[in-house]
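# Structural overview
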Amino acid sequence: MSLVRRAVAEDAREVLRLRQVMIDAMSPGSPTDWQDGALPALRARLADPDGQFAAFVVDHPDRPGALAALVVGTLEYRIGGPDRPASGLIGYVFSVATDPDARRRGYARACMDELLAWFRERGAGHAMLNASAAAESLYASLGFRRDTDPSMRLYL
């Protein structure tokens, strides 16, 4: 039996806690005041098992009610093209985090395997993510490779 399960609405607070672990690893001392505002929308997304959003988690083995690891992704539609499937669906991984005291146990890999299977089952042609230097070897071992397409951002 797999340790990994699909996150549900009741996991939302823990999902946000682990997302903050990931954010702090990239930008120490980041604010946390965004979490209360994000909670209702996240609960709604986690409550919709048929939506385009999924989170896969591992329960913490030593702390009941806590999560040890988290992977979150979404399906997006983009017009098909030479490097995209005709369906236009791609998977985007945007949160991967492991509680500091639960690292090096294979939890993030197991969660990634579940998310990638979820993408495949829904017809995604490929998956994308932004990798930190610390996590790049994990993603490379799963078959991800660096993309030459630069990313840009506009806050609306």
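Scoring rules and cut-offs
Residues numbered from 1 in each chain as written. Predicted model: local features only at pLDDT ≥ 70, side-chain atom pairs only at ≥ 80, totals over all residues. Heavy atoms only, no water. Helix = DSSP H or I, 4+ residues; strand = E, 2+ residues; numbered from the N terminus. Expected span 1.5 Å × (residues − 1). Buried < 20%, exposed > 50% of the residue type's maximum accessible area, 1.4 Å probe, protein only. Arc of directions from axis to C-beta. Contact = heavy atoms within 4.5 Å. 1 Å grid on protein atoms, 1.4 Å probe; cavity = no way out; pocket = protein on both sides within 12 Å on 5 of 7 lines; lining within 4 Å. Points joined across faces, edges and corners; volume = space filled by probe spheres on them. Nonpolar A, V, L, I, M, F, W, Y, C, P; charged D, E, K, R; others polar.

## A few points about helix H2 (residues 35–46)
For the α-helix, the turn length of 3.6 residues means that residues three or four positions removed from each other point alike. Here H2 is twelve residues long and its end C-alpha atoms lie 15 Å apart, about the 16 Å a rise of 1.5 Å per residue gives. Those residues of H2 not exposed but buried are Gln35, Leu39, Leu42 and Leu46. Projected down its long axis, H2 carries its buried residues within an arc of 85°, all on one side. Exposed residues lying more than 90 degrees from the buried face of H2 are Gly37 and Pro40. Each element contacted by the buried residues of H2 is listed here: helix H1 (12–26) and strand E2 (53–59).

## With respect to the layout of surface pockets
One number sums up the size of the largest pocket: a volume of about 2,000 Å³. Taken together, 49 residues form the lining of the largest pocket, with Leu129, Asn130, Ala131, Ser132 and Tyr139 sitting closest to its centre. In terms of residue count, strand E4 (residues 89–98) provides more of the lining of the largest pocket than any other element does, seven residues in total. Its residues assigned to classes, the lining of the largest pocket shows 24 nonpolar, ten polar and 15 charged.

Such coordinate-based values are descriptive only and should not be taken to indicate function.
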